[in-house]
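Structure at a glance
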Amino acid sequence: KLKIVTIGGGSSYTPELIDGFIKRYDELPVTDYYLLDIEEGKEKLEIVGKLAQRMVKEAGIPMNIHLSLDRAEALKDADFVTTQLRVGFLDARINDEKIPLKYGVLGQETTGPGGFMKAQRTIPVLLDICRDMEKYCPDAWLINFTNPAGIVTEAITRHSNIKSIGICSGANSMLMDIAKAYEVEKKDVYARIMGLNHLIFADQIFIKGEDYTDDFMAKLAQGSASNSLKNIPDIGFSSRFAKALHMYPISYLKYFFLTREMVEAAQIDASTKGTRGEQTREIEHRLFELYQDEHLSHKPKELEKRGGAWYSDTACSIISSIFNDKKEIHVVNTVNNGATPDLPDHVTLETNAVIDRNGAHPLAYGRLPVKIRGLIQSVKAYEELTVEAAVTGDYSTALMALTINPLVPSATLAEKILDEYLEVNQRYLPQY
Ligand code: G6P
Ligand code: MN
């Protein structure tokens, strides 16, 4: 018996996950798969749940897919719990994006103030889930994809006893980009990756064990390789800058190193095609139309338009590595524990780690390169205060968190953004 629960089971991403579990059924024979959602998500859960049932049937796999609105029932004796929920649904994301943009500050769901706000709504819910897990499945693993994944994972590791790993599709997309550039398979690529969630860098790149770091950095500088996530405006670095950086960053780094251009791009998008949240609402709408088609019994191509495309590769292979004690290396969000002495030991970072039945063991990295050290440390300090604010609901902590975020240019703006945020999010903020 192997029981998996996905919280936020009604998400449009669910077919991505089911597809991943179907592909890996031989090594990960899931007997019971619970898709759990809340009352407001019931309609979506029904639609996507039925598609999931058709998918396993079509694949001829004896996996029982259960749809549930009852958290206790779903969690009882689970082995793995994955979370992909969005408190307040896409409407809340769109508020997160639009409010800072009015003040010329980046409005994005995880980077900048948007990530702060999303954390304030999400952390109380995730900690509540952890309390229930402590009751109903204390030994289960929590694999958290809920954004801001790094910050949420830090809250879980600091404020609960549940074993958890935070995941993101970003590193996988970087590895896929490298594999594509050399026409090799992803398993032939090793990248030394370090940083924070949505703020990672690869500073060494190996193809079939050979060092291609300089070669790949040259490709980046020439513009013949890049990390392009679907959800991020496609503005490139100049070749001189790429050469100076000499690291392969996740696309999200552009928010920090091309701040002005990226805010402008976000503002233009907002007034023409809509914010990413608004665009996503349309993609989702189309996805759910497709999902309702009773002849559809596989993951549709349209899902690749989402930023988290291929996220099941990350989620399912990590779960398999735990379940099968594989000791594979994956990029995950986990506690630093000395991997770099340039960050406190207890904070979470995103880095390569050996994954076995006891969880994630980060590889030692050592000192962070000076050129990115300050940014990573500042963002981490902002993240630590963000967790503290989400747990305590303390206004001063929240204001300091936003103010020290490198993307917020002044305390006055931080205050304005925070006040508007708190007002429109009131119903999701029991702690304030
Ligand atoms: C990326 C990130 C995810 C994020 C997603 C957004 O791949 O890794 O953390 O949720 O994109 O995609 P969306 O289609 O919702 O804008
Ligand atoms: Mn992510």
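Residues numbered from 1 in each chain as written. Chains lettered and ligands numbered in written order. Predicted model: local features only at pLDDT ≥ 70, side-chain atom pairs only at ≥ 80, totals over all residues. Heavy atoms only, no water.

Regarding the overall build of the chain
- Within the chain, the regular secondary structure consists of 16 helices and 13 strands.
- Taken over C-alpha atoms, the radius of gyration comes to 21 Å for the chain, in line with the 22 Å a tight globule of 432 residues would show.
- Its C-alpha atoms give the chain principal-axis dimensions of roughly 55 × 55 × 45 Å.
- Here the chain holds 432 residues, and the buried ones make up 60% of them.
- Within the chain, residue pairs in contact and separated by at least 24 positions form 71% of the contacts whose partners lie at least 6 positions apart. (Helix = DSSP H or I, 4+ residues; strand = E, 2+ residues; numbered from the N terminus. Rg over C-alpha atoms; globule rule 2.2 N^0.38 Å. Buried < 20%, exposed > 50% of the residue type's maximum accessible area, 1.4 Å probe, protein only. Contact = heavy atoms within 4.5 Å.)

Observations regarding a negative patch on the surface
- The grouping of E210, D211, D214 and D215 at the surface amounts to a negative patch.
- Sorting the residues of the negative patch by element identifies β9 (210-211) and α8 (213-222) as the ones contributing at least two each. (Patch = residues over 30% accessible without salt bridge, like charges linked within 9 Å, V, L, I, M, F, W, Y side chains within 5 Å. Areas by Shrake-Rupley, 256 points an atom, 1.4 Å probe, with all protein chains shown as cover. Salt bridge = Lys/Arg side-chain N within 4 Å of Asp/Glu carboxyl O. Lys, Arg positive; Asp, Glu negative; His and termini not counted. Charge placed at Lys NZ, Arg CZ, Asp CG, Glu CD.)

Focus on the pattern of salt bridges
- Under the defined criterion, the tally for this structure stands at 33 salt bridges.
- Notably, a salt bridge pairs E302 with R286, separated by 2.8 Å at the nearest N-O pair. A residue pair is termed long-range when its members are at least 10 positions apart, and E302 in the loop between α12 (276-291) and α13 (311-323) and R286 in helix α12 qualify at 16 residues.
- The residue K326 makes a salt bridge to E328 at a minimum N-O spacing of 3.2 Å.
- K326 gets classed as partly exposed once you look at its relative accessible area, which sits at 34%.
- Here E328 falls in the partly exposed class, since its relative accessible area comes to 26%.
- One network of salt bridges, in which partners are shared, links E16, D19, K23 and K299.

Topic: the site of ligand 1
- The environment of ligand 1 is made up of 16 residues, and the closest members are N147, S169, R276, R306 and G307.
- R276 has a polar side-chain atom sitting 2.7 Å from an oxygen atom of ligand 1.
- Contact between ligand 1 and G307: an oxygen atom at 2.4 Å from a main-chain N or O atom of the residue.
- Out of a free accessible area of 390 Å², ligand 1 has 98% covered by protein chains.
- In terms of residue class, the shell around ligand 1 is made up of four nonpolar, eight polar and four charged. (Near = heavy atom within 4 Å. Polar contact = N/O pair within 3.5 Å; in protein donor to acceptor, adjacent residues only side chain to side chain. Nonpolar A, V, L, I, M, F, W, Y, C, P; charged D, E, K, R; others polar.)

Let's talk about the packing of aromatic side chains
- For the structure on display, the rule yields twelve aromatic pairs.
- Between F145 and Y311, the ring centres sit 3.6 Å apart and the planes meet at 5°, which makes this aromatic pair stacked. In this pair, F145 is assigned in the loop between β5 (141-144) and α6 (149-159) and Y311 in helix α13, connecting sequence segments 166 residues apart. Note on accessibility: F145 and Y311 belong to one class, buried. (Phe/Tyr/Trp six-rings, centres within 6.5 Å; stacked < 30°, edge-to-face > 60°.)

Structural notes on the side chain of T111
- Mapping T111 onto the fold places it in the loop between α4 (89-102) and α5 (113-136).
- Judged by its relative accessible area of 4%, T111 is buried.
- Apart from the residues within four sequence positions on either side, T111 is in contact with L106, H198, Y252, Y255, F256 and L407.

Digging into the coordination of the manganese ion (ligand 2)
- C168 (SG) and H198 (NE2) make up the full set of protein donors to the manganese ion (ligand 2), lying at 2.2 to 2.4 Å. Linking C168 in the loop between β6 (163-166) and α7 (170-181) with H198 in the loop between β7 (189-196) and β8 (199-207), this pair joins segments that are 30 residues apart in sequence. In terms of burial, C168 and H198 fall into one category: buried. (Donors = N, O, S within 2.8 Å, 3.2 Å for Na, K, Ca; no water.)

Focus: unusual backbone geometry
- With an omega of -10°, the peptide bond between N147 and P148 qualifies as cis.
- Within the secondary structure, P148 is located in the loop between β5 and α6.
- One non-glycine residue with positive phi stands out, namely H198, at about 60°.
- Notably, H246 is not glycine yet its phi reads approximately 50°, a positive angle.
- Within the secondary structure layout, H246 lies in the loop between α9 (239-245) and β10 (248-249).
- Judged by relative accessible area, which is 31%, H246 ranks as partly exposed.

Brief notes about the side chain of S173
- Note that S173 resides in helix α7.
- The class of S173 is buried, set by a relative accessible area of 14%.
- Apart from residues lying up to four places away in sequence, S173 is in contact with N227 and L229.

Observations regarding helix α16 (residues 411-425)
- Under the 1.5 Å per step criterion, the end-to-end length of α16 is 21 Å for 15 residues, consistent within 8% with the ideal 21 Å.
- Listing the buried residues of α16 in full gives L413, A414, I417, L418, Y421, L422 and N425. Buried residues of α16 fall within an arc of 155° about the axis and therefore sit on the same side. The exposed residues of α16 that point more than 90 degrees off its buried face are T412 and E423.
- Here the buried face of α16 lies against α4, α5 and α15 (395-404). (Expected span 1.5 Å × (residues − 1). Arc of directions from axis to C-beta.)

What to know about the packing of α4 against α16
- At a minimum axis separation of 10 Å, α4 and α16 run at an interaxial angle of 150°. Taken as axis vectors, α4 and α16 run roughly antiparallel relative to one another. Where α4 crosses over α16, the handedness of that crossing is right-handed. Every residue of α16 that contacts α4 at N95, D96, I99, P100 and K102 is listed here: I417, E420, Y421, V424 and N425.
- Looking at the contact of α4 with α16, its residues break down into five nonpolar, two polar and three charged. (Axes fitted to C-alpha atoms, helices over the stretch in contact; angles between N-to-C directions. Parallel < 35°, antiparallel > 145°, perpendicular 65-115°, else oblique. Left-handed = near helix turned anticlockwise from the far one by under 90°.)

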